[in-house]
Amino acid sequence: MNEASLHTISLDEIEALAVGAWILGTGGGGSPYLGLLNLRRLYAEGHDVQMMSPLDLADDDWVAVVSNMGAPLVGQERLADSRSIARAVRMQEEINDIAFRAVMSVEIGGGNGMQALMAAAHLGIPVVDADCMGRAFPEAQMTSVAIGDLRPYPCTLYDPRGIEAVVTKVPSWKWMERASRKICVEMGSIASTSKAPRTGREVKDWGIHFTTTKAIRIGRAVDAANRKHEDPIAALLAAEGGKKLFTGKIVDVARRTTEGFLRGSAIVEGSDADRGHRLKLSFQNEWIVAWRDREPIAMSPDLICVLDSVKGHGIGTETVRYGQRVTIVALPAPAVLTTPRGLEFVGPRAFGYDLDFRSLFSPAEAGA
Amino acid sequence: MKRIGIDVGGTNTDAVLISDEKVVHSVKRPTTSDVTSGILEALQALRASPAAATHVDAVVIGTTHFINAVVQRRHLQKVAAIRIGMPASASLPPFCDWPADLAGLVNGCTFMLEGGHDYDGRPFMPLDIAGLKAAARQIRDMGLRAAAISASFSPLDPSHETAALDILAELCPDATVTLSHELGRIGLLERENAALLNAALNDLAITTVAAFRQAIADSGIEAPLYLTQNDGTVMQAEIATAFPVMSFASGATNSMRGAAHLSGLDDAMVVDVGGTTSDIGQLRHGFPREANAVVEVGGVRTLFRMPDLLSIGLGGGSHVAQNPVRVGPLSVGYRLTSDALVFGGTQLTATDIAVAAGLVDIGDRARAAKLPKRLIDAALSDAQRKLEEDIDRMKTEAGDVPLVAVGGGAFLVPDRLPGISKIIRVPHGDCANAVGAAIAQVSGEADQVFRELSRDEAIAAARGIAEDRAVEAGAERKTLKTVDVEDMPIAYLPGNALRVRIRVAGALAKPSVPAAA
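Colleague: Residues and numbers for the overall build of chain A, please.
Modeller: For chain A, the count of helices and strands is 11 helices and 17 strands. For chain A, the C-alpha radius of gyration of 19 Å lies close to 21 Å, the compact-globule estimate for 368 residues. Within chain A, contacts between residues separated by at least 24 positions form 74% of all contacts whose residues are at least 6 apart in sequence.

Below, the structure is given as structure tokens:
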């Protein structure tokens, strides 16, 4: 492949990315708005971000994998600062004595879909058009690189007060989740993190490819339909081979915090073609299972997206509210997540539901 | 209990007198550019009726004056923005998401200092006292007369904002200061935006409220003055002077609250047909349903409590085009009484169509008599189609619901609409917004994170805080009711952390009961 095939991401594409990443967040990951503001500012200052294909990585290139970890509520008061995520990446370079070729997000969904671009703008390296989830998930071990059994350490965590922490070694991804979560809570339940560095070979083998362009494509389809006063959700489904599951209004939201997660359910009362039916959405940070009149009709890792029926924008599990008019759609999951081993990490049983995964999509319809 | 409600709109100033919940008299007068004389004329016209020339307990004014100032970029002053929360959030300074023209008008100087709190109430950083003193001196030297102070997590712990206020009061006493925690919820950027807008309206608020007071004094009425705020409840005039942003949505809210009062319905759809637009909203428990999304005011993102309204270009003054037949969205606006056919003008308006169809009898009916029936039918069905589509968009219930039609152009609403069980028209419906002002309640809100409490205990604690705030604002405690409650466990945080937001509202206490300021 051509080493020089770098694409400069335009600000228009970043605006679309913010819309698409929120939809791919499947209810989690927080709103990308603050990341968008950071990038508007960086672009106004003359920065720009290059994007490269994962296939153009050399086997021995090093790739940084970044995310902002913590509670969305804290993120509303300690606003995302592009320099923090860049510092977490620099820490990895210092402790490992390596130089990164590029940077990617651990999850394309929600605000974390913007973090890699913020780091890239400061570090002067490209983002890789890939991530490790193809959506958003609540836990550190719910990634393609964990499914691939790649090394889970070290992880760097940064707090702008000058607190820098490293989880040097753990025996498993699950332990990485537990150890890093403790540090994050002490930092004020928010931390800029750079996960275990990946080689170019690992990204080519285990990354979920072309998810940044996918999020941009989704945002563009939705925005274009809105501008033309057409149905943005129909545009999304046409562009991504998704399926409409249900249309209605939120009539109940029950939420509770257990084991450090947001768990609960939302009930949607059907309208239009779904009048007389109810859809229950169970969630753990992200939407996990959708039950139509008690029958499970969609489940993780297929993407369950709850959208504003008018604008087609994503609605989060923390912001879903009584009375909202919503349309629930499903998008196909990346293939690596639906393998038998992938389902051990992200299938319904990984979230405590005694269900066999049944996809709404045939293998031919599945994502990359 | 007798109260006068006044709505100062862009076109008309309406005034009503309410006695024991019933409308005694209502009048409509043109709004004047100085505001004061329009109010005075309306009050004099109201009091000319013998039934209304009585002692009143309170005057309540609803106005779009402050939101119009932001939208039209008029009468705004420069503000010193003080953000406390460094070194976090440094890349997104105050004004970072404002339209450039508005930021240019309002941004006097920006300071970003260490301090603020974390979600659990721990200090994030020690407050930078020396930095605040330097900022205060600079504000004084620059001659800035308004400042806004926003600290991280100040809705949970306001101590750094109040400490900063003390320093400014000492070193730059000429500056009026807005503290963000007094205005908003969790969400630093949106809360700070509200504080900045509020500070920018400081001088206008002082002169406007003084003009309101003058008009009332000139009319010979001796009663306390209240202004209505976004959620359909009132605030004392002194509070309104300090927090003009709290009145941003009061015009629309008052018409919905007035519709609820006049119809006796707590749950219904409402359409307010004015001269230029129709506003469609939904009443829940007697209050307008609030917007789900973040509300932008003049292009600035805020978390104000605003009613969820759909505004369409259809009103009594709407132009009627003939080929093809279309009603609106252009309107003759306040020139209706000179430009419309039935008022001797040459413009074909929705009002002329309604007169020709016999829906209403205003102006000179003979001047609309020659309109062809085909045109009348086509125009009415176009207006009906627009209302039908948008009322359905705003409905949040599947079944048929009642619709209350108010406003001067309510005659354009047909007697039947699909999805609507009944169209309700009420006496004084053309002054529904002034009625809404007259019957406005007093509210209190709490928005806080609780830990190590059961859900019920946390909600009860929040309700106690909200009720105390409502009583402080002038409510009678025994009338308080919960209007809205929302609880939200916080992902990732330990200790069953629960964010509770609750709002209570009740009747204004009788003036004989002294209300704490």
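Colleague: So what about the overall build of chain B? Which residues, and what values?
Modeller: Each helix and strand counted, chain B has 14 helices and 23 strands in total. Scaling as 2.2 N^0.38, a compact globule of 517 residues should have a C-alpha radius of gyration of about 24 Å, and chain B matches this with 24 Å. Principal-axis analysis of the C-alpha atoms gives chain B an extent of 80 × 50 × 50 Å. By sequence separation, contacts in chain B at least 24 residues apart represent 67% of the contacts at least 6 residues apart.

Colleague: Any details on helix 1 (residues 36-48) of chain B? Residues and values, ideally.
Modeller: Residues and elements named next belong to chain B. Compared with the 18 Å implied by 1.5 Å per residue over 13 residues, the 18 Å span of helix 1 between its first and last C-alpha is a close match. Listing the buried residues of helix 1 in full gives G38, I39, L40, A42, L43, L46 and R47. Looking at the buried side of helix 1, the elements it contacts are strand 1 (2-8), strand 2 (12-19), strand 3 (22-30) and helix 7 (202-218).

Colleague: Describe unusual backbone geometry, and please don't skip the residues or the numbers.
Modeller: Looking along the chain, the bond that leaves M86 of chain B and enters P87 of chain B is cis, with omega of 10°. The topology assignment puts P87 of chain B in the loop between strand 5 (79-86) and helix 3 (100-106). Here N323 of chain B and P324 of chain B are connected by a cis peptide whose omega angle stands at 0°. Within the element layout of this structure, P324 of chain B appears in the loop between strand 17 (318-322) and strand 18 (325-331). In this model, S189 of chain A sits at a positive phi of 60°, which is unusual for a non-glycine residue. Inspection of the secondary structure assignment puts S189 of chain A in the loop between helix 7 (173-186) and strand 9 (190-199). Here S189 of chain A falls in the buried class, since 26 other C-beta atoms lie within 10 Å of it. A positive phi angle, near 60°, is found at R73 of chain B, a position not held by glycine. Take R73 of chain B: it is sitting in the loop between helix 2 (65-71) and strand 5. The partly exposed category is assigned to R73 of chain B, around which 14 C-beta atoms lie within 10 Å.

Colleague: Lay out the sheet that holds strand 5 of chain B with the relevant residues and their values.
Modeller: Within a beta sheet, neighbouring strands are joined by backbone hydrogen bonds and run either parallel or antiparallel to one another. Residues and elements named next belong to chain B. With respect to topology, four strands assemble into an open sheet ordered 6-5-7-8, the strand pairing being parallel. Pairing within the sheet leaves two strands with one partner each, and these edge strands are strand 6 (107-114) and strand 8 (176-179). Each strand of the sheet is rotated relative to its neighbour by a mean of 20°, with strand direction disregarded. For strand 5 and strand 6, the ladder comprises seven bridges, and the chain directions are parallel.

Colleague: Explain the packing of helix 1 (residues 11-24) of chain A against helix 5 (residues 112-123) of chain A to me, and be specific about the residues and the numbers.
Modeller: All names here are of chain A. At a minimum axis distance of 9 Å, the contact between helix 1 and helix 5 shows a crossing angle of 150°. Comparing the axis directions of helix 1 and helix 5 gives the class roughly antiparallel. Judged by residue contacts, I14, L17, A18 and A21 of helix 1 engage G113, M114 and L117 from helix 5. For the contact of helix 1 with helix 5, the per-class residue count stands at six nonpolar, one polar and no charged.

Colleague: Explain the environment of V268 of chain A to me, using residue names and the numbers behind them.
Modeller: Residue and element names in this part refer to chain A. With respect to the secondary-structure elements, V268 resides in strand 12 (residues 261-270). On the basis of neighbour counts, which here come to 28 C-beta atoms within 10 Å, the residue V268 falls in the buried class. In contact with V268, other than residues within four places in its own chain, are F246, G248, K249, I250, R278, L279, L281, V326 and I328.

Colleague: Before we move on, can you summarise the nonpolar core with the specific residues and values?
Modeller: Ranked by internal contacts, the top residues of the largest apolar core, which has 289 residues, are V63, V103 and L117 of chain A together with I82 and A147 of chain B. Tallying contributions element by element places helix 1 of chain A first for this core, with nine residues. Discounting chain neighbours no more than four positions away, the residues touching V103 of chain A are V63, A64, V66, V89, A116, A119, A120, L123, I125 and V127 of chain A.

Colleague: Describe the environment of D223 of chain A, naming the residues involved and giving the relevant values.
Modeller: All names here are of chain A. With respect to the element layout, D223 can be found in helix 9 (residues 211-227). Sequence spacing of D223 and E15 is 208 residues, and the spatial spacing of their C-alpha atoms is 9.5 Å. Not counting residues up to four positions away in its chain, the partners in contact with D223 are A16 and V19.

Colleague: Just give me the short version of the packing of helix 9 of chain A against helix 10 (residues 232-240) of chain A, but keep the residues and values in it.
Modeller: Residues and elements named next belong to chain A. The N-to-C vectors of helix 9 and helix 10 enclose an angle of 145°; their axes lie 8 Å apart at closest approach. Judged by the sense of rotation from one axis to the other, the crossing of helix 9 with helix 10 is right-handed. Between helix 9, through R217, I218, A221, V222, A224, A225 and N226, and helix 10, the contact on the second element is made entirely by P232, A235, L236, A239 and E240.

Colleague: Give a description of the pairing of strand 12 (residues 278-284) of chain B that names residues and reports values.
Modeller: The side chains of a regular strand alternate, residue by residue, between the two faces of the sheet. Residues and elements named next belong to chain B. With six of seven residues buried, strand 12 lies mostly within the body of the structure. Across six bridges, strand 11 (residues 268-273) lies against strand 12 in antiparallel orientation. When the bridges of strand 12 are listed, V270 appears paired with G281. Where strand 11 folds back onto strand 12 in an antiparallel hairpin, the turn is made up of four residues. Here two bridges tie strand 12 to strand 13 (residues 287-288), and the two strands are oriented antiparallel to one another.

Colleague: Talk me through the confidence of the model for chain B; I want residue IDs and the actual numbers.
Modeller: Residues and elements named next belong to chain B. Here chain B shows a mean pLDDT of 88. Residues at 70 or above account for 96%. A low-confidence stretch, residues 513-517 stays under pLDDT 50, and its non-local contacts, those more than four residues away or across chains, total four contacts. At the level of chain-chain contacts, confidence expressed as ipTM amounts to 0.88, with global pTM at 0.86.

Colleague: Explain helix 9 of chain A residue by residue, including any values.
Modeller: The terminal C-alpha atoms of helix 9 of chain A, which comprises 17 residues, lie 24 Å apart, in line with the 24 Å expected from a rise of 1.5 Å per residue. Immediately downstream of helix 9 of chain A, the backbone of H229 of chain A shows phi near 55°, a positive value.

Colleague: Any details on the environment of A366 of chain B? Residues and values, ideally.
Modeller: Position of A366 of chain B relative to the elements: it lies in the loop between helix 11 (350-356) and helix 12 (373-394). In this structure, the C-alpha to C-alpha distance between A366 of chain B and V355 of chain B, residues 11 residues apart in sequence, is 9.4 Å.

Reading the values: the criteria
- Residues numbered from 1 in each chain as written.
- Chains lettered and ligands numbered in written order.
- Predicted model: local features only at pLDDT ≥ 70, side-chain atom pairs only at ≥ 80, totals over all residues.
- Helix = DSSP H or I, 4+ residues; strand = E, 2+ residues; numbered from the N terminus.
- Rg over C-alpha atoms; globule rule 2.2 N^0.38 Å.
- Contact = placed C-beta atoms within 7 Å.
- Expected span 1.5 Å × (residues − 1).
- Buried ≥ 20, exposed ≤ 12 C-beta atoms within 10 Å, placed from the backbone.
- Pairing = 2+ DSSP bridges.
- Axes fitted to C-alpha atoms, helices over the stretch in contact; angles between N-to-C directions.
- Parallel < 35°, antiparallel > 145°, perpendicular 65-115°, else oblique.
- Nonpolar A, V, L, I, M, F, W, Y, C, P; charged D, E, K, R; others polar.
- Core = buried A, V, L, I, M, F, W, Y, C linked by C-beta atoms within 7 Å.
- Left-handed = near helix turned anticlockwise from the far one by under 90°.
- pLDDT = per-residue confidence, 0-100.

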